[in-house]
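Each chain, written out:
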Amino acid sequence: MHLWAVSITIMGYKDQIDLSRLPQHVAIIMDGNGRWAKGKGKLRVFGHHNGVLSVRDVVEGAGELGVKYLTLYTFSAENWNRPSFEVTAIMELLVSTINKEIKKLMQNNVKLNAIGDLALLPKRCHNELQGAIDQTAGNTGLVLTLALSYSSRRELMQAAKNIAEQVKEGTLNPEDITEDVFAQNLYTHNLPDPELMIRTSGEYRISNYLLWQIAYAELYFTTKLWPDFRREDLYEAILDYQKRERRFGKTSEQVN
Ligand code: FPP
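Note that this is a predicted model, so its numbers are computed, not measured. (Residues numbered from 1 in each chain as written. Predicted model: local features only at pLDDT ≥ 70, side-chain atom pairs only at ≥ 80, totals over all residues. Heavy atoms only, no water.)

Colleague: Talk me through the pattern of salt bridges; I want residue IDs and the actual numbers.
Modeller: For the coordinates displayed, the defined rule picks out 19 salt bridges. The salt bridge involving Arg-246 is made with Glu-218; its shortest N-O contact spans 3.6 Å. One end of the pair, Arg-246, is in the loop between helix 9 (231–242) and helix 10 (252–255); the other, Glu-218, is in strand 6 (residues 218–221), with 28 residues separating them in the sequence. Note that Lys-224 is salt-bridged to Asp-233, the shortest N-O span being 2.9 Å. Judged by its relative accessible area of 34%, Lys-224 falls in the partly exposed class. The structure contains a network of salt bridges with shared partners spanning Lys-14, Asp-57, Glu-60, Glu-64, Lys-104 and Arg-231. (Salt bridge = Lys/Arg side-chain N within 4 Å of Asp/Glu carboxyl O. Helix = DSSP H or I, 4+ residues; strand = E, 2+ residues; numbered from the N terminus. Buried < 20%, exposed > 50% of the residue type's maximum accessible area, 1.4 Å probe, protein only.)

Colleague: Before we move on, can you summarise the site of the ligand with the specific residues and values?
Modeller: The environment of the ligand is made up of 17 residues, and the closest members are Asp-31, Gly-34, Arg-35, Arg-44 and Arg-82. Asp-31 places a polar side-chain atom, nitrogen or oxygen, 3.0 Å from an oxygen atom of the ligand. In the model, an oxygen atom of the ligand is placed 3.3 Å from a nitrogen or oxygen of the Gly-32 main chain. About the coverage of the ligand: the protein hides 91% of its 620 Å² of free accessible area. For the shell around the ligand, the per-class residue count stands at 6 nonpolar, 7 polar and 4 charged. (Near = heavy atom within 4 Å. Polar contact = N/O pair within 3.5 Å; in protein donor to acceptor, adjacent residues only side chain to side chain. Areas by Shrake-Rupley, 256 points an atom, 1.4 Å probe, with all protein chains shown as cover. Nonpolar A, V, L, I, M, F, W, Y, C, P; charged D, E, K, R; others polar.)

Colleague: I'd love a proper account of unusual backbone geometry, names of residues and values included.
Modeller: Across residues other than glycine, the phi torsion is negative in most instances, and most of the peptide bonds are trans. You will see that Ser-149, though not glycine, has its phi angle at about 50 degrees, which is positive. With respect to the element layout, Ser-149 can be found in strand 4 (residues 143–150). For Ser-149, a relative accessible area of 2% puts it in the buried group. Residue Phe-248 is not a glycine yet carries a positive backbone phi of 50 degrees. Within the secondary structure layout, Phe-248 lies in the loop between helix 9 and helix 10.

Colleague: Now, about the nonpolar core: what can you tell me, with residues and values included?
Modeller: Ile-28, Leu-70, Leu-129, Leu-144 and Ile-198 are the most contacted members of the largest nonpolar core, which totals 46 residues. It is helix 5 (residues 84–107) that provides the largest number of residues to this core, a total of 8 residues. When neighbours within four sequence positions are excluded, Leu-144 is seen to be in contact with Val-59, Leu-70, Leu-72, Leu-105, Val-110, Lys-111, Leu-112 and Asn-113. Core analysis: the second largest hydrophobic core is formed by 12 residues, Tyr-150, Met-197, Leu-210 and Ile-214 among them. (Core = buried A, V, L, I, M, F, W, Y, C linked by side-chain atoms within 4.5 Å. Contact = heavy atoms within 4.5 Å.)

Colleague: Residue-level account of the packing of aromatic side chains, with values.
Modeller: Inspection of every chain in the model, using the stated rule, returns 10 aromatic pairs. Here Tyr-204 and Phe-221 contribute two aromatic rings whose centre-to-centre distance is 5.0 Å and whose plane-to-plane angle is 55 degrees, an arrangement assigned as tilted. With Tyr-204 in the loop between strand 5 (196–199) and strand 6 and Phe-221 in strand 6, this residue pair connects regions lying 17 residues apart in the sequence. Residue classification places Tyr-204 among the exposed positions, given a relative accessible area of 57%. Relative to Phe-248, the ring of Tyr-216 lies with its centre 5.4 Å away and its plane at 50 degrees, an arrangement referred to as tilted. Of this pair, Tyr-216 sits in the loop between strand 5 and strand 6 while Phe-248 sits in the loop between helix 9 and helix 10, and the two are 32 residues apart along the sequence. Assessed through its relative accessible area of 46%, Phe-248 is described here as partly exposed. (Phe/Tyr/Trp six-rings, centres within 6.5 Å; stacked < 30°, edge-to-face > 60°.)

Colleague: Pulling in residues and values, what's your account of the UniProt feature "binding site: Mg(2+)" (unreviewed entry) in the protein?
Modeller: UniProt tags Asp-31 and Glu-218 as "binding site: Mg(2+)" (unreviewed entry). Restricting the annotated residues just mentioned to those that line the largest pocket leaves Asp-31. Relative accessible area serves as the criterion here: at 16%, Asp-31 is assigned to the buried category. Aside from chain neighbours lying at most four places away, what touches Asp-31 is Arg-199, Thr-200, Ser-201, Glu-203, Leu-225 and Trp-226. At 3.0 Å, the side chain of Asp-31 and the side chain of Ser-201 are in polar contact. Relative accessible area serves as the criterion here: at 15%, Glu-218 is assigned to the buried category. (UniProt positions renumbered as here; feature names shortened; annotations may be inferred. 1 Å grid on protein atoms, 1.4 Å probe; cavity = no way out; pocket = protein on both sides within 12 Å on 5 of 7 lines; lining within 4 Å.)

Colleague: Could you give me a rundown of the layout of surface pockets, with the residues and numbers involved?
Modeller: Considered as a void within the structure, the largest pocket measures approximately 890 Å³ in volume. Lining the largest pocket are 40 residues, with Met-30, Asn-33, Val-55, Tyr-73 and Thr-74 positioned closest to its centre. Where the lining of the largest pocket is concerned, the elements lending two or more residues are helix 3 (33–39), helix 4 (44–65), strand 2 (69–76), helix 5 and strand 4. Residue classes in the lining of the largest pocket are distributed as 18 nonpolar, 11 polar and 11 charged. When its volume is computed, the second largest pocket comes out at roughly 370 Å³. Along its surface, the second largest pocket is lined by 19 residues, and Glu-179, Ala-183, Asp-193, Trp-212 and Gln-213 are the ones closest to its centre. (Points joined across faces, edges and corners; volume = space filled by probe spheres on them.)

Here it is as structure tokens:
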């Protein structure tokens, strides 16, 4: 084989990505931990523990590539209805992961953020999370947002309530309610909308995640279960995103 042929063969997904057209915000629905563990004859919690390894690799990989915002669906409002053993294990995992990873987050200049009804988290979990958010507040690299106790419908409902309060108090005219005003009342007011949304595990649903924010996101589904997902899979998804034509309601001729 000629040398050039060899170099093409070993060119990974990362090398093929056009860095000038990266999605600045990638949102991920990390799904399939339970099935991954079950397939190995283990408890579901084993899947969550291994899911953390994927989180670590994807966070590093995203930061290394230059993605600015990464938002991970870590625990939905509906997940509170899981068996209490599993809920407790996930909360413990969250605390231990934050403790273990905080040094790395600081080294990698990652700014931690969280969205959702955080007041519902166990106190210790909430405190650890807030501590890490405060500690990383000055970092200027990747903004890593964990969606915890998150429900997009509740977020939208809360935004509507906030806006109604402002109208009631006389600080906002109903005619002045624009898309921007609405977006400013969401948990994600300080984040741009995701351009790419990834879901693992072969499920083709959005599951109450960032419903407003993904209005124009490209959706990418993979059958890989979350504990098997690594940075190369993220790069593959970004490459796929770069092959798409984003028209925002216009014609192909207009956007070209
Ligand atoms: C979905 O798989 C996964 C979750 C509900 C939990 C996600 C949590 C982690 C990856 C670990 C903690 C993360 C951080 C950031 C510390 P599932 O349990 O719904 O899988 P299934 O669909 O196969 O049952």
